[in-house]
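For reference, the chains in residue letters:
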Amino acid sequence: MKTSISIVLGCSLVAFAAGPFVTDKTDPAAAGMNPARLARIPARMREFVIAGKTAGVVTLVARHGHVASLEAVGYQDLESKTPMRTDTIFRLASVTKPVTCAGIMILVDEGRLSLIDPAEKYLPEFKDLKLNPCGTRGGYNCALITPSRPVNILDLMTHTSGLPGGVPGREAPPNTLAENVAGVSRATLLFEPGTAWNYSNIGIAALGRIMEVVTGQPYDRFLAERIFQPLEMRDTFFFVPPDKANRVASVYTYETDGLKLVAMSQPKFPAPEGGLLSTAGDMARFHQMLLDKGTLNGQRILSAAAVEAMTSSQTGSMKAGFAPGVGHGFGFEVVREVLGTFRYNSIGSFVKGGAYRTYGWVDPAKDLVGIIFMQRTNGGGDVADEINSFMAMAASAIER
């Protein structure tokens with residue numbers, strides 16, 4: 001009888017601890033975090049706003065499945081002095097990439113494709129790609145050769161395909177995702193697939209096109225049906241609905257005489273490498289799903305095996321990523337050695353940043369999710385001061 005009671009109590013405690021993940025209220029105590037230390041985060045972010053480094057910032061910290069802090073400081077739009085809101089919508093830029101990779105892993109889970117499938121199995125533009133044996137060095141006697149193997153899906157996910165960053169020799173802007181990816185046929189590989197790392201936007205774009213070919217659906221509709229809707233990411237999309245346009249943050253560039261507004265146009269097609277718009281709360285749901293091994297609030301999006309593959313370094317000892325001490329998983333940089341823990345994030349943390357200074361990370365060892373969003377096209381004098389400060393301050397607020 002005692003054993004039965006213990007089992008029942010244990011199950012009850014687990015169920016209580018699991019609870020639903022919500023982003024409309026904060027609970028520092030349940031997250032095991034110090035409220036006074038968390039309060040330092042918006043105060044520090046406000047200093048960056050006052051210094052004219054950024055128009056505004058939204059930060060979110062979640063731990064143990066509870067949002068501990070959600071703060072907005074500064075302005076969504078400087079010209080109109082519209083205050084930043086916690087539900088302001090941001091252009092994510094490359095923070096889109098892990099979402100695209102998650103879409104591919106859904107298809108892997110369903111047995112509809114394999115990570116080692118050649119990309120040319122789905123996209124004819126990958127057939128007959130040639131390799132420049134001199135890579136980016138140029139020089140003489142560099143006749144193009146056939147690579148030892150075709151580019152596969154895993155190569156595209158980890159930026160080890162050998163593809164350049166974009167498509168060369170484009171005469172006119174593409175009107176569709178298919179037109180964009182078709183330009184791969186004009187590319188020359190910089191190295192043998194799987195042997196080195198080179199950040200490639202067109203490689204991630206190709207993943208979105210592969211999704212379309214395999215599913216028979218538009219890339220953006222597939223993501224909406226399989227990720228955004230089940231996760232209740234109601235403010236995540238590629239095209240801004242008219243009724244939400246007033247919540248989209250303006251984009252700025254930092255110049256010596258202050259922040260300057262950048263004109264943004266409506267895209268012609270959804271860009272898998274960087275076209276998503278979203279809120280801090282919505283992206284916290286996506287990251288929490290990964291921390292919870294593919295599920296959120298009873299909805300399974302990915303298998304635990306898929307999450308493990310996505311969030312593990314797949315690049316061995318090769319130099320990969322933009323920060324010290326990291327390797328690359330599927331869409332994420334992964335901290336693989338002590339050198340990468342300078343922001344107080346643990347080995348095994350997986351992170352992704354975007355060109356407009358959007359950033360999300362998960363630290364499984366601390367059971368922590370962090371999101372920091374702003375909209376600035378360059379470093380503001382110091383490339384990642386806001387991000388570095390936020391990540392260290394979030395970790396320093398942990399009490400138990």
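Everything that follows concerns the structure shown earlier in this document.
Cut-offs applied
Residues numbered from 1 in each chain as written. Predicted model: local features only at pLDDT ≥ 70, side-chain atom pairs only at ≥ 80, totals over all residues. Heavy atoms only, no water. Helix = DSSP H or I, 4+ residues; strand = E, 2+ residues; numbered from the N terminus. Rg over C-alpha atoms; globule rule 2.2 N^0.38 Å. Buried < 20%, exposed > 50% of the residue type's maximum accessible area, 1.4 Å probe, protein only. Contact = heavy atoms within 4.5 Å. Areas by Shrake-Rupley, 256 points an atom, 1.4 Å probe, with all protein chains shown as cover. Lys, Arg positive; Asp, Glu negative; His and termini not counted. Charge placed at Lys NZ, Arg CZ, Asp CG, Glu CD. Axes fitted to C-alpha atoms, helices over the stretch in contact; angles between N-to-C directions. Parallel < 35°, antiparallel > 145°, perpendicular 65-115°, else oblique. Nonpolar A, V, L, I, M, F, W, Y, C, P; charged D, E, K, R; others polar. Pairing = 2+ DSSP bridges. Disulfide = S-S within 2.5 Å. Salt bridge = Lys/Arg side-chain N within 4 Å of Asp/Glu carboxyl O. Phe/Tyr/Trp six-rings, centres within 6.5 Å; stacked < 30°, edge-to-face > 60°. Lys NZ or Arg CZ within 6 Å of the ring centre and 35° of its normal. Core = buried A, V, L, I, M, F, W, Y, C linked by side-chain atoms within 4.5 Å.

A. Representation of the overall build of the chain. A count of helical and extended segments in the chain gives 11 helices and 16 strands. A compact globule built from 400 residues should have a C-alpha radius of gyration of about 21 Å, and the chain, at 22 Å, falls within 12% of that. Expressed as lengths along the three principal axes of its C-alpha atoms, the size of the chain is roughly 70 × 65 × 45 Å. Residues counted as buried form 53% of the 400 residues belonging to the chain. Long-range pairs, those at least 24 residues apart, make up 66% of the contacts in the chain with a sequence separation of at least 6. Here the chain displays about 17200 Å² of accessible surface, and carbon together with sulfur accounts for 54% of that area. Looking at charge distribution, the chain has the averaged site of its 39 positive side-chain charges lying 2 Å from that of its 37 negative ones.

B. Seen up close, the packing of helix H4 (residues 96-109) against helix H8 (residues 219-228). Direction vectors running N to C along H4 and H8 enclose 80°, while the axes themselves pass 10 Å from each other. Classified by the angle their axes make, H4 and H8 are roughly perpendicular. The residues of H8 that touch H4, namely those facing Thr-96, Val-99, Thr-100, Ala-102, Gly-103, Ile-106 and Leu-107, are Tyr-219, Phe-222, Leu-223, Arg-226, Ile-227 and Phe-228. When grouped by side-chain class, the residues that make up the contact of H4 with H8 number nine nonpolar, three polar and one charged.

C. Quick look at the sheet that holds strand E15 (residues 358-363). If you walk across this open sheet you meet the eight strands as E3-E2-E1-E16-E15-E14-E13-E12, and the pairing is antiparallel. Two strands close off the open sheet at either side, each with one partner strand: strand E3 (82-83) and strand E12 (326-328). In the packing of helix H3 (residues 40-50) onto the sheet, the strands contacted are strand E1 (56-63), strand E2 (66-77) and strand E16 (368-373), and the crossing angle to E2 comes to about 15°.

D. Here's a closer look at the state of the cysteines. What the rule picks out here adds up to one disulfide. Paired by a disulfide, Cys-134 and Cys-142 hold their sulfur atoms 1.6 Å apart. Across the S-S bond of Cys-134 and Cys-142 the torsion is about -70°, and the bridge reads as left-handed. Both residues of the pair, Cys-134 and Cys-142, belong to the buried class.

E. Representation of the pattern of salt bridges. In the structure shown here, the tally under the stated rule is 16 salt bridges. Counted as one network, the salt bridges with shared partners bring together Arg-85, Asp-87, Asp-235, Lys-244 and Arg-247.

F. Fine view of the packing of aromatic side chains. Taken as a whole, this structure holds seven aromatic pairs when the rule is applied. Look at Trp-197 and Phe-322: their rings are 5.4 Å apart centre to centre, the planes differ by 80°, and that puts the pair in the edge-to-face class. Of this pair, Trp-197 sits in the loop between strand E6 (188-189) and helix H7 (201-215) while Phe-322 sits in the loop between helix H10 (304-310) and E12, placing them 125 residues apart in sequence. Here the aromatic residues Trp-197, Tyr-199 and Phe-322 are joined through ring pairs into a cluster of three or more. Sitting over the ring of Tyr-75, Lys-81 keeps its end group 4.9 Å from the ring centre.

G. Quick peek at the environment of Val-262. Within the fold, Val-262 resides in strand E8 (residues 258-262). Taking the C-alpha atoms as reference, Val-262 lies 22 Å from Asn-175; in sequence the two are 87 residues apart. The contacts of Val-262, once residues within four sequence positions are left out, are Val-251, Tyr-252, Thr-253 and Thr-377.

H. Seen up close, the nonpolar core. Grouped together as the largest cluster of nonpolar side chains are 78 residues, with contacts concentrated most on Phe-126, Ile-227, Phe-286 and Leu-302. With residues near it in sequence (within four places) discarded, Ile-227 still touches Val-99, Ala-102, Gly-103, Ile-106, Phe-222, Met-233, Phe-286 and Ile-301. Formed by 24 residues, the second largest nonpolar core is a distinct cluster that contains Met-33, Val-61, Leu-368 and Met-391.

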